[in-house]
Amino acid sequence: MIYPVLDWFIPASVRENSELQQRARMFLISHLFGPFLGHTITVYLYLLDPAPTYALWVLAGSISLFLSFPFALKWTGWYNTLAILSVQNLIFAILWGCYHYGGLSSPFLPWLLTVPLLAFFYLGSAARQRLLVLSLIAFNFVGFYIAYAQTHSFPEHIPLSHLSGIGIISTLCAAVYVSIMALYYGNVVASQSELEREVRRHLATARQLQEAKAEAERASRAKSEFLAKMSHELRTPLNAVIGYSEMLLEEAEEAGSGDHTADLKRILSAGKHLLTLVSSVLDLSKLEAGKMELFPERFELGRLIDEVGTACQNDVLAHGNRFVIECPDRRALLETDLAKLRQAVINIVNNAGKFTRGGTVTLRATVAAGIVEIAVRDTGIGIRPDNLAGLFENFGEAKGATSSKYGGTGLGLALALKLCRLMGGGIDVESELNKGSCFTIRVPMSLATTLKQRTRTDPGATVPENDTILTIDSDASVSDQLRRILSKDGYEVLTAVTADEGLALALANRPSAILLGALQPESEGWRVLQGLKSSETLRACPVILLTAQHDAAKGRAFGAAGHLVKPVEREQLLRALKSLRAGVDGNELDAVEGVV
Amino acid sequence: MTKILLVEDNEMNRDMLGRRLQRQGFSVCFAVDGPSGVRMASDETPDLILMDVALGDMDGWEATRLIKSNPRTREIPIIALTAHALASDRDTSVKVGCADFDTKPVDLPRLLGKIKSCLAA
């Protein structure tokens, strides 16, 4: 209520320090109310003596002067100076009043009590401040005594006997004044302890949250371990079911007992389906526990697509669908985890087949700029926009009626996405309800694309001659740190916090290098690199990844010139940038590999 | 007749794979753990050994090492069988001297292909 009025007077420089602000508020309360209390006395004196001498005018002037202090504070901001001047003016007013009205028996004497009280409120009570205030009081008393010593008497403008009434008023005013200040001080203390309690509550909550988080992580780990163990235990008997039904099937076929073969095939197919589910759970829990290893193999894209085609054919054709496979870059050589990529593609294709009846499922695989792109398009039931978001969550397939008609647990998609991410890629989905969906897998062709190969494919690579560096990171403090490091060494630094902002800045300024940190969500970083790659003007611009872990291979596969592990050290960063430039000029890009 | 030694501790898996191999025309002998596998390799001198990796106290790698260190059995090709297709498993099987590596559950046509190429080599 009163704070807005008070704070209007407080300049920004004072407001920065909350303790100083409290004192300034006290200073303002006393200067806004004090003079009115003080003037009751001057008014009374005027009534006693309607033809006052200079003594009253000086006193009135001194008291009125207090009203100018809040404004002086607002315009100058010199809080400490003004506080000292105010204390000086207060002592002067009191001693002047005492000297001219009653001397040592003056009714103004009680006001002297307010001086140290106010002085310490204004200035704080550090040793230096105390000394200053006490010296000020002593200095004024000396002045008072010198004035008295001149005549060894006090001037008598009004007879002392007439001043008894004013004594009561003066003492009352002083008491009211001190009470106001004490009340305010009490409030400050109370609100501070409330603040302290609040802080303590927040700390306690934070601690609880941390404990809850640790507990949740423990539970999640336990869940993953349990699932891994269970899946393993389930697989053993399941393998026996599959193995024995396979054996029986072989025997039945040899013996020509046709009645049994159909049933045995059903057992076998159900067993295999169950095994796929159990394996998916095992794989998911391994992925979630970060225990999935990558095993890169060299193979042609055509081989992958053929294998997927063979594996999925039956399931896709089963619902009266056409299965179209397009693979123009059959001979393109990939060097990634064949088994996991195949698993991901199979899951996506089977998913498409499952939700399409009498339509077409098209599997199209192409390569471009180090990326293999596998698009699976169907003419099935499509996905409602509000279901898209949860699509890749475990068990996140279309719910309810859809699920019961088409079947499925939704594990396949979750697993496919996690596998693609593990290989440094991702999956995009476009869908229209009742028209169909298109899932596009994009992963780097190689888990360890070397820098040399990359530069050979960009023979025209040149870097513009400037010292502009662009940093892209969702966390502004990271960009800030980089800016501080780089600007000291003469680089001009541009910062972006989103993928779009980063791409726009890159296009507009054509920086000599881009430092790409973490973006939310993760796929955004991927998008930036893709955008840079596909831009004629920006393709040559080297990108250094700032990563939390040491995963150089992944970074290179993404098309980055190198990577640095956060937190980035100054030396490291400058060396990397320097060798990038040297490398481009002198064709010694190997140096970069060594450095970053 | 080609003789295969199957070292496998799980009774069901042993029975299943053994019978299927027999039907393919192989003569099959069995060992239920690492030590007996090493002994059988020496006594029976099979043409090929299928070695489960996850055996009890002495695992398949250890048994393979022992078989490979015995001059009498050194030349017998060994195919390791593991439940997980981990790169590290593959590396270990090469390191201890396995001729090949396959994953369980067994895909019979694939395993037969590997057996044939091992025997041909």
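Counting from 1, residues in each chain are numbered in the order their sequence is written. In the order they appear in the text, chains get letters beginning with A and ligands get numbers beginning with 1. For a predicted model such as this one, the threshold for reporting local features is a pLDDT of at least 70, and the threshold for listing and counting side-chain atom pairs is 80 or more; totals across whole chains, interfaces and linings nevertheless cover every residue. For side-chain calculations, the full set of non-hydrogen atoms in the structure is used, while hydrogens and water are omitted.

S.K.: Looking at this model, I keep getting lost on the overall build of chain A. Mind explaining?
M.R.: Numbering of helices and strands runs from the N terminus, with a helix taken as a DSSP run of H or I at least four residues long and a strand as a DSSP run of E at least two residues long. When you go through chain A residue by residue, the secondary structure sums to 22 helices and twelve strands. Within chain A, buried positions represent 44% of all 596 residues. Here, two residues are considered to be in contact whenever any of their heavy atoms come within 4.5 Å of each other. If you take every contact in chain A between residues at least 6 apart in sequence, the share linking residues at least 24 apart comes to 71%. Split by element, the accessible area of chain A, about 30,700 Å² in all, is 59% carbon and sulfur. Relative accessibility under 20% of the residue-type maximum defines a buried residue, over 50% an exposed one, and the middle range a partly exposed one, all with a 1.4 Å probe and only protein chains included. Accessibility throughout is a Shrake-Rupley quantity obtained with a 1.4 Å probe, and a residue counts as covered only by protein chains that appear here.

S.K.: What is the right way to look at the interface of chain A and chain B in this model?
M.R.: Frequently, the measure chosen for interface size is the accessible area removed from exposure when the parts meet. Contact residues are listed per partner, giving 17 residues for chain A and 15 residues for chain B. When chain A packs against chain B, close to 1,600 Å² is buried across both sides, 54% of that on carbon and sulfur atoms. Buried area is understood as the total, over both parts, of accessible area removed when two parts are fitted together, assessed with a 1.4 Å probe. When the buried surface of chain A facing chain B is broken down by residue, A:Tyr244, A:Met247 and A:Phe295 rank first, second and third, together holding 33% of it. Salt bridge, as used here: a side-chain nitrogen of Lys or Arg that lies within 4 Å of a carboxyl oxygen of Asp or Glu. Taken together, the links from chain A to chain B amount to four salt bridges. Any pair of N or O atoms that falls within 3.5 Å is considered a polar contact. Within protein, one atom must be able to donate a hydrogen and the other to accept it, and sequence-neighbouring residues count only if both atoms are side-chain atoms. For the pair chain A and chain B, the number of links is six residue pairs in polar contact (both at pLDDT 80 or more). Elements supplying a minimum of two residues to the side of chain A that touches chain B: α9 (164-255) and α10 (258-288) of chain A. Take the side of chain A that touches chain B: its biggest share by element is twelve residues, from α9(A). Looking at the side of chain A that touches chain B residue by residue, the class counts come to six nonpolar, four polar and seven charged. Under the grouping applied here, Gly and all other residues not named as nonpolar or charged are polar, the nonpolar ones being Ala, Val, Leu, Ile, Met, Phe, Trp, Tyr, Cys and Pro and the charged ones Asp, Glu, Lys and Arg.

S.K.: Looking at this structure, how should I read the nonpolar core?
M.R.: In summary, soluble globular proteins display a tendency toward joint burial of nonpolar side chains. Residue and element names in this part refer to chain A. Nine residue types can take part in a nonpolar core, namely buried Ala, Val, Leu, Ile, Met, Phe, Trp, Tyr and Cys, and a core is a set of them joined through side-chain atoms within 4.5 Å. Ranked by internal contacts, the top residues of the largest apolar core, which has 55 residues, are Phe27, Leu45, Tyr79, Tyr101, Val115 and Tyr122. Of all the elements, helix α6 (residues 79-100) adds the most residues to this core, at twelve residues. Those residues in contact with Tyr79 that lie beyond four places of it in its chain are Val14, Leu20, Arg23, Ala24, Phe27, Leu73 and Tyr122. By size, the runner-up hydrophobic cluster in this structure holds 46 residues, among which are Val376, Leu391, Leu413 and Ile427.

S.K.: Explain the pairing of strand β9 (residues 492-496) of chain A here, please?
M.R.: Side-chain direction in a regular strand flips from residue to residue, so the side chains alternate between the two faces of the sheet. Residue and element names in this part refer to chain A. In this description, strands pair whenever DSSP reports at least two bridges between them. Across five bridges, strand β8 (residues 468-472) lies against β9 in parallel orientation. Note on β9: the bridge partner recorded for Ile472 is Ala496. A crossover gets the label right-handed when its path from the first strand over the helix to the second runs clockwise, viewed with the strands pointing away from the viewer. Note on the crossover from β8 through helix α17 (residues 476-488) to β9: the handedness is right-handed.

S.K.: What's the story with the pattern of salt bridges in this structure? I'm lost.
M.R.: Inspection of the entire model under this criterion finds 30 salt bridges over all chains. Between B:Asp15 and B:Arg19 there is a salt bridge; the shortest N-O distance is 3.3 Å. Taken as a pair, B:Asp15 and B:Arg19 lie in helix α1 (residues 11-23) at a separation of four residues, close to a single helical turn. One connected set of salt bridges, linked through shared partners, spans A:Glu246, A:Glu250, A:Glu251, A:Lys272, B:Arg20 and B:Arg23.

S.K.: Mind showing me how you'd approach the environment of A:Pro110 here?
M.R.: With respect to the helices and strands, A:Pro110 occurs in the loop between α6 and α7 (114-123). Sequence spacing of A:Pro110 and A:Ile94 is 16 residues, and the spatial spacing of their C-alpha atoms is 9.1 Å.

S.K.: I tried to follow empty space enclosed by the protein on my own but got confused; where do I start?
M.R.: Empty space left among the atoms is revealed by rolling a probe the size of a water molecule over them. Residues and elements named next belong to chain A. Residues are said to line a cavity or pocket when one of their atoms sits within 4 Å of a point; the points come from a 1 Å grid over protein atoms alone, cavities being sets where a 1.4 Å probe fits but cannot get out and pockets being open sets with protein on both sides within 12 Å along at least five of seven lines. Grid points are joined across faces, edges and corners, and a volume is the space filled by probe spheres set on the points. Inspection of the entire model under this criterion finds three cavities of 30 Å³ or more. Lining the largest cavity we find 19 residues, and of these Gly38, Ile63, Phe66, Leu90 and Trp111 sit closest to its centre. Among the residues making up the lining of the largest cavity, the classes are represented as 13 nonpolar, six polar and no charged.

S.K.: It is not clear to me how the sheet that holds β9(A) should be interpreted in this structure. Could you clarify?
M.R.: Hydrogen bonds between backbone atoms are what pair the strands of a sheet, whose relative direction is either parallel or antiparallel. Residues and elements named next belong to chain A. Strands sit in the order β9-β8-β10-β11-β12 across an open sheet of five strands; the sheet is parallel. Edge positions in the sheet fall to β9 and β12 (562-565), since each has one partner strand and no second. Strand-to-strand, the axes of this sheet are offset by a mean angle of 20°, without reference to chain direction. Lying over the sheet, α17 contacts β8, β9, β10 (513-516) and β11 (543-547), oriented at roughly 170° with respect to β9. The angle between two axes is taken between their N-to-C directions and runs from 0 to 180 degrees, where each axis is a line fitted to C-alpha atoms and a helix contributes only its stretch in contact.

S.K.: Got a minute to help me understand the environment of A:Phe66 in this structure?
M.R.: Residues and elements named next belong to chain A. Note on placement: Phe66 falls in the loop between α4 (54-65) and α5 (68-76). The spatial distance from the C-alpha of Phe66 to the C-alpha of Ser86 is 7.0 Å, given a sequence separation of 20 residues. Apart from the residues lying within four places of it in its own chain, the contact partners of Phe66 are His31, Pro35, Ser86, Asn89 and Leu90.

S.K.: Could you clarify how one ought to interpret a nonpolar patch on the surface in this entry?
M.R.: Residues and elements named next belong to chain A. Only residues whose relative accessible area exceeds 30% and that form no salt bridge enter a patch; like-charged residues are grouped when within 9 Å of one another, and nonpolar side chains (Val, Leu, Ile, Met, Phe, Trp, Tyr) when within 5 Å. Taken together, the side chains of Val43, Tyr46, Leu47 and Trp57 define a hydrophobic patch exposed on the protein surface, amounting to about 470 Å² of accessible area. Per element, the largest residue contribution to the nonpolar patch is three residues, and it comes from helix α3 (residues 18-48). Among the secondary structure elements, Leu47 is positioned in helix α3. Residue class for Leu47 comes out exposed when judged on its relative accessible area of 62%.

S.K.: Is there a simple way to think about the packing of aromatic side chains in this case?
M.R.: To describe a pair of aromatic rings, one takes the distance between the centres and the angle between the planes. Residues and elements named next belong to chain A. For this analysis, a ring pair means two rings from Phe, Tyr or Trp (six-membered ring only for Trp) whose centres lie within 6.5 Å, classed as stacked if their planes differ by under 30 degrees, edge-to-face if by over 60, and tilted for the remaining angles. Under the counting rule described, the total for this entry stands at 16 aromatic pairs over all chains. Measuring from centroid to centroid gives 5.0 Å for Phe27 and Tyr122, while their planes differ by 75°, and the two rings are edge-to-face. Of this pair, Phe27 sits in helix α3 while Tyr122 sits in helix α7, and the two are 95 residues apart along the sequence. For Tyr122, a relative accessible area of 2% gives the class buried. With a centroid separation of 6.2 Å and 45° between ring planes, the pair formed by Tyr145 and Tyr148 is classed as tilted. Separated by three residues within a single helix, Tyr145 and Tyr148 lie in helix α8 (residues 127-151), roughly one turn from each other. A relative accessible area of 24% places Tyr148 in the partly exposed class. An aromatic cluster of at least three residues, connected via ring pairs, comprises Phe27, Phe66, Phe69, Tyr79 and Tyr122. Residue placement shows Lys74 over the ring face of Trp8; its charged tip is 4.4 Å from the ring centre. Our definition puts a charge over a ring when NZ of Lys or CZ of Arg is within 6 Å of the ring centre and also within 35 degrees of the ring normal.

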